[in-house]
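# Observations on chain architecture
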Amino acid sequence: MTPQLLVDQPGLHTTVQDFGRTGHQAFGVPVAGALDPEALRGANRLVGNPDGTAALEILHAGPAITVAADSVRIALAGTETTIDVAGQNDAWVSVPAWQSIRLSHGQRVRIGRLVDTACAVLAIEGGLDLPAWLGSRSTYVRAGMGGFRGRALVAGDRLPLFRSSSTDRQELRAARRPDIAPGTPVRVVLGPQDDYFTAAAIDTLLSAAYKVSAQSDRMGLRLEGPPLAHLDGADIASDGIVTGAIQVPGAGLPILLLNDHQTSGGYPKIATVISADLPRLGRHRVGEMLRFAAVSVAEAEDLRRARDVALTEVLDSITPAANAGWLDPAALHSENLISGVVDYSRPDDTDL
Amino acid sequence: MPPPAASTDILPDPFPRFLSSGDTALIVEFGRSVDRTLNERVLELDAAVRAAQPPGVVETIPTFRSLMVVYDPLVTRAAEVRSALAALLNTSRAAVVAGRRWRVPVCYEGDLAPDLEAVAKTTGLSLGEVVALHTTPVHHVYMIGFVAGLPYLGDLPTALALPRRASPRVRLPAGSVAIAMGLTVIYPVESPGGWHLIGNTPVTLFDPGRMPPALMAPGDQVVFEMVQRDVFDDMRAAVVDGCFPIAPEPLAPDQPGTTA
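Residues numbered from 1 in each chain as written. Chains lettered and ligands numbered in written order. Predicted model: local features only at pLDDT ≥ 70, side-chain atom pairs only at ≥ 80, totals over all residues. Heavy atoms only, no water.

Time to look at the overall build of chain A. Within chain A, the secondary structure is distributed over five helices and 24 strands. Its C-alpha atoms give chain A a radius of gyration of 21 Å, near enough to 20 Å, the size a compact globule of 352 residues would have. By its C-alpha atoms, chain A is 70 × 40 × 35 Å across when sized along the principal axes. The burial tally for chain A puts 59% of its 352 residues in the buried class. Long-range pairs, those at least 24 residues apart, make up 77% of the contacts in chain A with a sequence separation of at least 6. Accessible area of chain A: about 13000 Å², with a carbon and sulfur share of 51%. Between the centroid of the 31 positive side chains of chain A and the centroid of its 40 negative side chains there is a distance of 3 Å. (Helix = DSSP H or I, 4+ residues; strand = E, 2+ residues; numbered from the N terminus. Rg over C-alpha atoms; globule rule 2.2 N^0.38 Å. Buried < 20%, exposed > 50% of the residue type's maximum accessible area, 1.4 Å probe, protein only. Contact = heavy atoms within 4.5 Å. Areas by Shrake-Rupley, 256 points an atom, 1.4 Å probe, with all protein chains shown as cover. Lys, Arg positive; Asp, Glu negative; His and termini not counted. Charge placed at Lys NZ, Arg CZ, Asp CG, Glu CD.)

Here the focus is the environment of Val-314 of chain A. Residue and element names in this part refer to chain A. The residue Val-314 is located in helix H4 (residues 297-316) in this model. Once the C-alpha coordinates of Val-314 and Glu-38 are considered, the two residues, 276 residues apart in sequence, prove to be 9.5 Å apart. Apart from residues no more than four positions distant in its own chain, Val-314 is found in contact with Arg-176, Arg-177 and Pro-178.

Here we come to the nonpolar core. Within the largest apolar cluster, 47 residues are counted, with the highest numbers of intra-cluster contacts made by Leu-56, Ile-74, Ile-83 and Leu-122 of chain A. Not counting chain neighbours up to four residues away, the residues in contact with Leu-122 of chain A comprise Ala-55, Leu-56, Ile-58, Ile-65, Ile-74, Ala-75, Leu-76, Ile-83 and Ile-111 of chain A. (Core = buried A, V, L, I, M, F, W, Y, C linked by side-chain atoms within 4.5 Å.)

Let's shift gears to the pattern of salt bridges. Pairing is possible between side chains of opposite charge, provided their charged atoms come close. In total, this model carries 32 salt bridges over all chains according to the counting rule given. With a closest N to O distance of 3.7 Å, Asp-277 of chain A and Arg-280 of chain A form a salt bridge. In this pair, the class of Asp-277 of chain A matches that of Arg-280 of chain A, namely buried. In the salt-bridge network here, residues are joined through shared partners; they are Asp-195 of chain A together with Arg-17, Glu-29 and Arg-65 of chain B. (Salt bridge = Lys/Arg side-chain N within 4 Å of Asp/Glu carboxyl O.)

What follows deals with the confidence of the model for chain A. With 91% of its residues at a pLDDT of 70 or more, chain A has an overall mean of 91. Note on residues 329-352 of chain A: pLDDT is under 50 here. Beyond four places in sequence and across chains, it has 39 contacts. (pLDDT = per-residue confidence, 0-100.)

Our next topic: unusual backbone geometry. Along the chain, Gly-191 of chain A connects to Pro-192 of chain A via a cis peptide bond; the corresponding omega equals 15°. With respect to the helices, strands and loops of the structure, Pro-192 of chain A is situated in the loop between strand E13 (186-190) and helix H2 (199-205). Geometrically, the link from Met-211 of chain B to Pro-212 of chain B is a cis peptide bond, its omega value of -5° lying close to zero. Mapped onto the elements, Pro-212 of chain B comes out in the loop between strand E12 (196-200) and strand E13 (221-226). The backbone phi angle of Trp-98 of chain A is positive, close to 65°, even though this residue is not glycine. Turning to its location among the elements, Trp-98 of chain A is positioned in the loop between strand E7 (92-95) and strand E8 (100-104).

Another aspect to go through is the domain arrangement of chain B. Residues and elements named next belong to chain B. By the assigned domains, chain B splits into domain 1 (17-90) and domain 2 (100-250). Just the C-alpha atoms count here: the centres of domain 1 and domain 2 sit 29 Å apart. Here domain 1 and domain 2 share an interface that buries about 790 Å² over both sides, 71% of which is from carbon and sulfur atoms. Seen at the junction of domain 1 and domain 2, the total is zero salt bridges. Inspection of the domain 1/domain 2 interface yields three residue pairs in polar contact (both at pLDDT 80 or more). Split by residue class, the side of domain 1 that touches domain 2 holds four nonpolar, two polar and two charged. (Domains from an automatic or database assignment. Buried area = accessible area lost by both parts, 1.4 Å probe. Polar contact = N/O pair within 3.5 Å; in protein donor to acceptor, adjacent residues only side chain to side chain. Nonpolar A, V, L, I, M, F, W, Y, C, P; charged D, E, K, R; others polar.)

Let us look at the interface of chain A and chain B. For an interface, size is often stated in terms of accessible area lost upon the parts coming together. Contacts between chain A and chain B engage 44 residues on the former and 54 residues on the latter. Both faces considered, chain A and chain B share a buried interface measuring about 3900 Å² in area, 57% of it formed by carbon and sulfur atoms. Three residues stand out in chain A for area buried against chain B, namely Ala-26, Phe-27 and Arg-305 of chain A, and they jointly supply 16% of the buried area on that side. At the surface where chain A touches chain B, the tally comes to three salt bridges. Arg-77 of chain B serves as the salt-bridge partner of Asp-302 of chain A, at 3.2 Å between the closest nitrogen and oxygen. One can count 16 residue pairs in polar contact (both at pLDDT 80 or more) joining chain A with chain B. At the level of elements, E13, strand E16 (239-240), strand E19 (264-265) and H4 of chain A are the ones that each hand at least two residues to the side of chain A that touches chain B.

For the rest of this paragraph, the subject is the sheet that holds strand E6 (residues 139-144) of chain B. Residue and element names in this part refer to chain B. Reading across from one edge, E12-E9-E10-E7-E6-E13-E5-E14 is the order of the eight strands in this open sheet, with mixed pairing throughout. A single partner strand is all that each edge strand has here, and the edge strands are E12 and strand E14 (249-250). Where strand E5 (residues 100-106) and E14 come together, two bridges link them in antiparallel fashion. Each bridged residue has a counterpart across the sheet, and for Arg-100 the counterpart in E14 is Pro-250. (Pairing = 2+ DSSP bridges.)

Let us look at the layout of surface pockets. Reported here for the largest pocket is a volume of approximately 950 Å³. In terms of lining residues, the largest pocket is bounded by 37 residues, among which Phe-19, Pro-37, Leu-278 and Arg-304 of chain A together with Thr-24 of chain B are the most central. Every element with two or more residues in the lining of the largest pocket is listed here: helix H1 (37-47), helix H3 (278-281) and H4 of chain A together with strand E3 (57-62) and strand E4 (66-71) of chain B. If you tally residues by element for the lining of the largest pocket, the top one is H4 of chain A, at four residues. For the lining of the largest pocket, the class distribution of residues is 19 nonpolar, 10 polar and eight charged. Among the secondary structure elements, those contributing two or more residues to the lining of the second largest pocket are strand E15 (220-224), strand E18 (255-257) and E19 of chain A together with strand E11 (191-193) of chain B. With three residues, E11 of chain B is the largest single contributor of residues to the lining of the second largest pocket. (1 Å grid on protein atoms, 1.4 Å probe; cavity = no way out; pocket = protein on both sides within 12 Å on 5 of 7 lines; lining within 4 Å. Points joined across faces, edges and corners; volume = space filled by probe spheres on them.)

Turning next to the sheet that holds strand E2 (residues 15-17) of chain A. Residues and elements named next belong to chain A. The strand order across the open sheet built from five strands is E2-E3-E10-E5-E8, with neighbouring strands paired in antiparallel fashion. With partners counted over all chains shown, the strands left at the sheet margins are E2 and E8, one partner each. The mean inter-strand angle of the sheet, taken between neighbouring strand axes irrespective of direction, is 35°. Inspection of the sheet shows strand E5 (residues 71-77) paired to E8 by five bridges, in the antiparallel sense. Bridging across to E8, Arg-73 finds its partner in Arg-102. On the sheet, H1 packs against E2, strand E3 (55-59), E5, E8 and strand E10 (119-124) and is oriented at approximately 150° with respect to E5. (Axes fitted to C-alpha atoms, helices over the stretch in contact; angles between N-to-C directions.)

Here you go:
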């Protein structure tokens, strides 16, 4: 039988994502890809995959899954939310994120509401046996392309796996985490169309606080706050867009474009988030406040290189877990050493 | 859909000019308006960049009057990409692959053309004159964007120049042929849209299983050919059955309208 993960509950918006589909924007094909590529790399390293292996991106609340393979190894990264693993008698054991877990046939896991971020990544050893389209398995839901049937997971889905069993090795754990710099301003380079805005609008962007609105999704964070005035209207001849661009339609409220953005657009872009800060963007939850600070392109380049060095240190901190015994829930139950047993019927964890 | 043209020039800067889009892309802007000459310069530079493959350049996105050059900031820096682009701009013009000419059948009737009467009324033309003005010119593919495979085509005769509809439609069917602001677009898939819907084509503009998936490319040409409803229905049935081939005519480099 094909090894599979059975989706008992899909989570709020769980999609297959990798590094995205570059090279086809000239034909209008968006890049998509994981909002937090650092979490993707971390999760994949933990299960022994190449960094860009397609994994499950979780938004807000994660799925509940049953293993239909001999065994499977998973890891959650990008969050400190724990994974609940079903042990004996339907009792749940909490296992920390940022480390790998080996699960046996029929075992159930669930990831509830993300406690500290809007997005996280769940990687599976060996990856998902799904067709790549234009070099990527990333899901682009708006066009129904890529990933698992071009859509977010729904209950009852069966995700095919490349491996029928996990490799026999020690579990891995990350000692360090990417710096998510909570509360600090998001760094931007002004432009490319900052000359379409009043000087007051630039000052406002760089001094006011903007709230992430409920209309936000993988296409962009819609921001609420003081409107930004255009000098001469909000229409430009459509041009290219990068992830992180802050476009401002006629009403003056900025939209911070994320990975599912269209390839071109006809609104002026007042500023662009630097690449070092892109992994932070998708982590912002509805209602959170954002501030912006301007840097030069050269500064942005230096910050990105420093970020890459820091990420390498995080990935290098992934080593065999010192005491992996508690990672085996069945063994835990038999030894009566469980510290985090969760009642299956706990109401605040079953409202997905 | 955002409109393509700014109404006035507000900057004295000489073109082409370089604009940074963060630390992952440079934009070479040749002007501010939707203009064939500017677009041909965009496509020339695009061809030159694709041929030269400067280190660290990930992809290019040609649009009406600018080229976005996306790069990996861990491999190169803006200053290096800018130097490479400036050198390409200064060398002799790159040979652009001659475009192709597509003959696109369109039915301009009934429920396939819900805005045709309003367009005729607004422009003071008869229905037949609107169709004639749309099927006469050779349309140039400026760019592909908005949704996967959607071509922006121009230019329309001035008699058909119209602003967008006051209220956008939530759903336009796939194959919709729509006009606004001197341009025509064809919607490859069902999508929202604020342009005037004057017809529908059975041609598949975007096929995920095809390589490249988009039928048209910037620099191609399109001639619309009016078909009656019964012919349209037969064509659409053939498309569904996978037996409606559409093949372009190659254009000689010296043929009027090409970008070489």
